[in-house]
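Structural features, examined
Given next are the chains, with one letter for each unit.
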Amino acid sequence: MSSSNRKLPDLSSLGIQHTPCIIYNPDYTTLFNEELRPELQGFERGILTSNGAVAVDTGIFTGRSPKDKYIVRDETTRDNLWWSDTAQGSSGNQPLSVDTWQALKRCVTDQLSGKRLFVTDAFCGANANSRLSVRFVTEVAWQAHFVKNMFIQPDEEELAQFTPDFVVLNASKYTNLHWQSQGLNSENFVAFNLTERIQLIGGTWYGGEMKKGLFAVMNYLLPLKNIASMHCSANVGKQGDVAVFFGLSGTGKTTLSTDPARQLIGDDEHGWDDEGVFNFEGGCYAKTINLCPQAEPEIYQAIRRDALLENVVVLADGRIDFADASKTENTRVSYPLSHIENIVTPLSKAGHARKVIFLTADAFGILPPVSRLTPEQTQYHFLSGFTAKLAGTERGIVRPLPTFSACFGAAFLTLHPTRYAEVLLKRMQAAGAEAYLVNTGWNGQGQRISLKNTRALINAILNDELRQAPMQVLPVFNLQMPLRLKNVESSLLDPRNSWASESEWRTQAGILAQKFIDNFVQYTDTATGQALVHAGPVPD
Ligand SMILES: Nc1ncnc2c1ncn2[C@@H]1O[C@H](COP(=O)(O)OP(=O)(O)O)[C@@H](O)[C@H]1O
Ligand SMILES: C=C(OP(=O)(O)O)C(=O)O
Ligand SMILES: [Mn+2]
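Residues numbered from 1 in each chain as written. Chains lettered and ligands numbered in written order. Predicted model: local features only at pLDDT ≥ 70, side-chain atom pairs only at ≥ 80, totals over all residues. Heavy atoms only, no water.

The name an unreviewed UniProt entry gives the protein is Phosphoenolpyruvate carboxykinase (ATP), with Tatumella terrea as the organism. What the UniProt record of the protein gives under Pathway (unreviewed entry) is the line "Carbohydrate biosynthesis; gluconeogenesis." Turning to the protein, the UniProt annotation filed under Function (unreviewed entry) states: "Involved in the gluconeogenesis. Catalyzes the conversion of oxaloacetate (OAA) to phosphoenolpyruvate (PEP) through direct phosphoryl transfer between the nucleoside triphosphate and OAA." (UniProt positions renumbered as here; feature names shortened; annotations may be inferred.)

Here it is in structure tokens:
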């Protein structure tokens, strides 16, 4: 049954008792057979699709549930975490008492006791000196498959020496009926204890909680070691030129980093240390809504045996209807990096980044498709993290919602945003990196810029055409944008052209500028923050 002959892990020290059977580090064939077992019921059951990949439904939760996320407030975290209940802005880190943690842990370990369990050991982080050795315990086969796809798979030798330094206990089948008396948000919880180094999951089946959960843990550990921890994708060109693409969900990190002309490092979570940029993950998690084989051939072809589809509609003949959003807009596929042809191997790492691209999906039609940022604007826009939240990835978001998400990933930050800005700035300065803002969103007519045009703009950044292009300055936002580029129509470069008149653009730009200013107030209690205000928009 298990692909590893090693001694089975001891779960009783975690409080999990009477385990009749452990499927330990299952290989892909074992997982495939487990997921398709005909007796499986409900959300546990996989369906074989015509391209060879298994598809599952993740239940009521088809996205993360940020309101159900908690971190134990104790000696480890009390003074250094970015808590949700401080005056300095609002983070997603809701404090949990040690007592409630213990109660939740008991419920989770009770749920997992006496069950046939999947145990998966994997790394988070490509570098031995900063990676986490994570043990995932789940009842559900496809959850083990998800983490096998998304995290870095140890080789046989590494498995033989594997000692977990973080444990994820996933009790997605458990419902917490005591949530009200415990002062929690709902019967679902995603809870972290950084002293015990354990994540508990109850109620939600969404695999993204494990993926982004460990990202939040890396976001805690790495900046303390002066390593930048970044919500970005990354790739490297033939000359060894590394680019990172920051952006909130749906802005294009996965799509735009998957570029046949450049080797992919990773699509979502990276660190930047003295050697360069490295991936935390071993796989990609791509959106599949309206996936078009012509526009995104690499991702389309990655959907094959060993990939795991989520919440897609599978037709009677096994084909997938990628246009069907009836379960969710956030249909997904996870696959190991090896499903993409042009990747960095054997480790997903490369040198220092020369280009830092901030992806924003502006739903207001105000920001230019591409602009070049000064060092101050880089810090300002990194701390602001403006974008529109797209439907699907988070519970309750059904239409694009303008939002400011610090460091383009506030939901995953464990420390105050300025910590990430400081480390990134240091790394960028040392590498002589330049920053650009790329708007992958909508214009004044409500049309989204085409993938083809965004790709052309990204190429112009990466091949330095944009550096040499004649520039003009967009008023209000004071952004430097190119007047002409070879492979895109010039009129597209100035967002004002998509409005009926310049004055209409100006009116709306003023409204958006005010939102930036209101949001930035949270940073103006320090001299550094004060000094950055002038790098932001100035309404008329
Ligand atoms: N101009 C564009 N740039 C990037 N993505 C676009 C564009 N137009 C449409 N899209 C679509 O938007 C989605 C971007 O999502 P994705 O790359 O998964 O974002 P992220 O990885 O940042 O969450 C994809 O479904 C992609 O096909
Ligand atoms: C999986 C996620 O990442 P992204 O949408 O950025 O790819 C997420 O935010 O839950
Ligand atoms: Mn992505």
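Some remarks on the UniProt feature "binding site: Mn(2+)" (unreviewed entry) in the protein
Feature annotation in UniProt places "binding site: Mn(2+)" (unreviewed entry) on Lys212, His231 and Asp268, given in this structure's numbering. Despite a sequence span of 57 residues, these residues sit close together in the fold, their greatest C-alpha distance being 9.9 Å. Inspection of the secondary structure assignment puts Lys212 in helix H5 (residues 208-221). Among residues more than four places away in sequence, those in contact with Lys212 are Arg64, His231, Asp268, Glu269 and Phe412. As for its placement among the helices and strands, His231 is situated in the loop between strand S11 (228-230) and strand S12 (232-236). Not counting residues within four places of it along the chain, the set of residues in contact with His231 comprises Lys212, Phe215, Phe245, Phe246, Gly247, Leu248, Ser249, Lys253, Asp268, Phe408, Gly409 and Phe412. For His231, the side chain forms a polar contact with the main-chain oxygen of Gly247, separated by 3.3 Å. (Helix = DSSP H or I, 4+ residues; strand = E, 2+ residues; numbered from the N terminus. Contact = heavy atoms within 4.5 Å. Polar contact = N/O pair within 3.5 Å; in protein donor to acceptor, adjacent residues only side chain to side chain.)

Regarding the site of ligand 2
As a matter of local geometry, ligand 2 sits amid 12 residues, with Arg64, Lys212, Ser249, Lys253 and Arg332 nearest to it. Measuring from an oxygen atom of ligand 2, one finds a side-chain N or O atom of Lys253 at 2.9 Å. Against a free-state accessible area of 290 Å², the protein chains account for coverage of 98% of ligand 2. Secondary structure elements with two or more residues in the shell around ligand 2: H5 and strand S17 (283-287). A breakdown of the residues in the shell around ligand 2 according to their chemical character gives 2 nonpolar, 3 polar and 7 charged. (Near = heavy atom within 4 Å. Areas by Shrake-Rupley, 256 points an atom, 1.4 Å probe, with all protein chains shown as cover. Nonpolar A, V, L, I, M, F, W, Y, C, P; charged D, E, K, R; others polar.)

Regarding the site of ligand 1
Surrounding ligand 1, one finds 16 residues, the nearest of these being Gly250, Lys253, Thr255, Lys287 and Glu296. Residue Gly250 places a main-chain N or O atom 2.7 Å away from an oxygen atom belonging to ligand 1. A distance of 3.5 Å is found between an oxygen atom of ligand 1 and a backbone nitrogen or oxygen belonging to Thr251. Starting from 570 Å² of accessible surface for ligand 1 in isolation, the protein chains cover 88%. Sorting the residues of the shell around ligand 1 by element identifies helix H6 (253-257) and helix H10 (451-462) as the ones contributing at least two each. Element by element, the count of residues in the shell around ligand 1 is highest for H6, at 3 residues.

Thoughts on the sheet that holds strand S21 (residues 332-336)
Taken together, 5 strands build an open sheet; the order of strands is S2-S3-S18-S21-S17 and the sheet is mixed. Unpaired on one side and paired on the other, strand S2 (47-48) and S17 mark the two borders of the sheet. Pairing of strand S3 (residues 54-56) with strand S18 (residues 308-310), which is carried by 3 bridges, proceeds in the parallel orientation. For Val56, the partnering residue across the bridge sits in S18 and is Glu310. (Pairing = 2+ DSSP bridges.)

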